[in-house]
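So the chains spell out like this:
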Amino acid sequence: MRIAFFDSGIGGITVLHEAMKQLPHEDFLYFADTLHVPYGTKSKEEVFTFVKKCVDTISKEDVKALVIACNTATSIAIAELRKTYEMPIIGMEPAVKPALEMNRSSGKRVLVFATPLTLKQSKYRDLVSRIDDMGMVDSLPLPELVDFCEQLIVESQQIIDYFHTQLIPFDLSLYGTVVLGCTHYPFYRGVLKKILPSHIQIVDGSAGTVNRLIQILTHRDQLFGRGDGDLKFMCSNNDTAYIEKMEKALKMLRNVGE
Ligand code: DGL
């Protein structure tokens, strides 16, 4: 049985990559909703329908757990998905809590990058209001970054210029941590390290999500360790060129060792 990962496009590969590093003896399935990527600029209702359809398809495969490797899909559909399917479903949310903890002693602020749809959801707003009692969290939607990422435009002047423009309103000396609250964004960790002042730490939810996955599978006695890292890519429009793109994206992450 495989561990499945789902995202609108190639973003969830950043989480898959982390899981493959930590679980070399499991087998994996990765599903991208190529018919509807990007999710972050669409309506909640549309995204809910798209996610439901993809998860239906995934549930027909031989899978033992599903990671919704997409902050946007998680914020919209996770509760409903858990009611519908028996397999364990692990979601993602922007790593605001660890970021706030990292800044406790310095008193610096947290800047959360995510899709417009994630930032609009009550799930995100409730999370922030629950843990940000001092009003230290700001957010910035970066929808264009998902489009760049889907074209595998990662290290280019265009990206550097894009970040510089987006960050103009922020006095970066006040911030201690940037949270990558969309699974596409860790592809830009390298670029961000060059652009952001060196005191700013960059966090994302991949490792936390994989730890949760391991906990759940261990608890269910379903971590077999008999696989060999076999990986099956699927996408909603069955496009072989896109499958090649996903393979290339995984290779890119392996090359930078992120
Ligand atoms: N990768 C996704 C996320 O984590 C969604 C990006 C998109 O489709 O807009 O939010």
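Attention in this report is confined to the structure presented alongside it. (Residues numbered from 1 in each chain as written. Predicted model: local features only at pLDDT ≥ 70, side-chain atom pairs only at ≥ 80, totals over all residues. Heavy atoms only, no water.)

## Here's the deal with the overall build of the protein chain
Argument step 1. Helix and strand content of the protein chain: 11 helices and nine strands.
Argument step 2. For 258 residues, the compact-globule estimate of 2.2 N^0.38 gives 18 Å, and the protein chain sits close to it at 18 Å.
Argument step 3. Classification of the 258 residues of the protein chain by burial places 54% in the buried group.
Argument step 4. Sequence separation of at least 24 residues holds for 79% of the intrachain contacts in the protein chain that already meet a minimum separation of 6. (Helix = DSSP H or I, 4+ residues; strand = E, 2+ residues; numbered from the N terminus. Rg over C-alpha atoms; globule rule 2.2 N^0.38 Å. Buried < 20%, exposed > 50% of the residue type's maximum accessible area, 1.4 Å probe, protein only. Contact = heavy atoms within 4.5 Å.)

## A short note on the layout of surface pockets
A water-sized probe rolled over the atoms picks out the places where empty space is left.
Argument step 1. Its volume calculated, the largest pocket comes out at about 470 Å³.
Argument step 2. G91, M92, E93, T209 and R212 are, among the 22 residues lining the largest pocket, the residues nearest its centre.
Argument step 3. Listing elements by their share of the lining of the largest pocket, those giving two or more residues are α3 (71-84), β4 (89-90), α4 (96-103), α6 (122-131) and α10 (206-219).
Argument step 4. Class assignment of the residues belonging to the lining of the largest pocket gives a composition of 11 nonpolar, five polar and six charged. (1 Å grid on protein atoms, 1.4 Å probe; cavity = no way out; pocket = protein on both sides within 12 Å on 5 of 7 lines; lining within 4 Å. Points joined across faces, edges and corners; volume = space filled by probe spheres on them. Nonpolar A, V, L, I, M, F, W, Y, C, P; charged D, E, K, R; others polar.)

## Quick notes on the side chain of D132
Argument step 1. One can find D132 in the loop between α6 and β6 (137-141).
Argument step 2. Of the buried charged residues, D132 lacks a salt bridge, with R109 as the closest side chain of opposite charge at 6.2 Å.
Argument step 3. Side-chain polar atoms of D132 contact the backbone nitrogen of G135, separated by 3.1 Å.
Argument step 4. D132 has contacts with L100 and V137, leaving out every residue within four places of it along the chain. (Lys, Arg positive; Asp, Glu negative; His and termini not counted. Salt bridge = Lys/Arg side-chain N within 4 Å of Asp/Glu carboxyl O. Polar contact = N/O pair within 3.5 Å; in protein donor to acceptor, adjacent residues only side chain to side chain.)

## Let's talk about the packing of aromatic side chains
Argument step 1. Tallying each qualifying case throughout the model produces 10 aromatic pairs.
Argument step 2. When the centroid spacing of 6.3 Å and the interplanar angle of 40° are considered together, the rings of F6 and F31 count as tilted. Separated by 25 residues along the polypeptide, F6 in strand β1 (residues 2-7) and F31 in strand β2 (residues 27-32) bring together distant segments of the chain.
Argument step 3. Exposure remark for F6: the relative accessible area of 0% places this residue in the buried category.
Argument step 4. Accessibility expressed as a relative area gives 4% for F31, which makes it buried.
Argument step 5. Through a chain of ring-to-ring contacts, three or more aromatic side chains come together here, namely F113, F148, Y162, F163 and Y188. (Phe/Tyr/Trp six-rings, centres within 6.5 Å; stacked < 30°, edge-to-face > 60°.)

## A few points about the sheet that holds strand β3 (residues 63-68)
Hydrogen bonds along the backbone pair up the strands of a sheet, which may run parallel or antiparallel.
Argument step 1. Pairing in this open sheet of five strands is parallel, and the strands run β4-β3-β1-β2-β9 from one edge to the other. Looking at strand neighbours, the two that pair on one side only are β4 and β9 (231-235), the edges of this open sheet.
Argument step 2. In terms of strand pairing, β2 meets β9 through five bridges, oriented parallel. Opposite Y30, over in β9, you have F233 as the bridge partner.
Argument step 3. This element, helix α1 (residues 13-22), spans β1, β2, β3 and β9 of the sheet and lies at about 175° to β2. (Pairing = 2+ DSSP bridges. Axes fitted to C-alpha atoms, helices over the stretch in contact; angles between N-to-C directions.)

## Points about the site of the ligand
Argument step 1. Taken together, 13 residues surround the ligand, and among them S8, Y39, G40, T72 and H184 come closest.
Argument step 2. Between the ligand and G40, the relevant distance is 2.7 Å, taken from an oxygen atom to a main-chain nitrogen or oxygen of the residue.
Argument step 3. Measuring from an oxygen atom of the ligand, one finds a side-chain N or O atom of T72 at 2.5 Å.
Argument step 4. Relative to its unbound accessible surface of 300 Å², the ligand loses 99% to contact with the protein.
Argument step 5. Judged by its atoms lying within 2 Å of the grid points, the ligand is housed in the largest cavity.
Argument step 6. For the shell around the ligand, a count of residues per class yields five nonpolar, seven polar and one charged. (Near = heavy atom within 4 Å. Areas by Shrake-Rupley, 256 points an atom, 1.4 Å probe, with all protein chains shown as cover. Sits in = over half its atoms within 2 Å of the grid points.)

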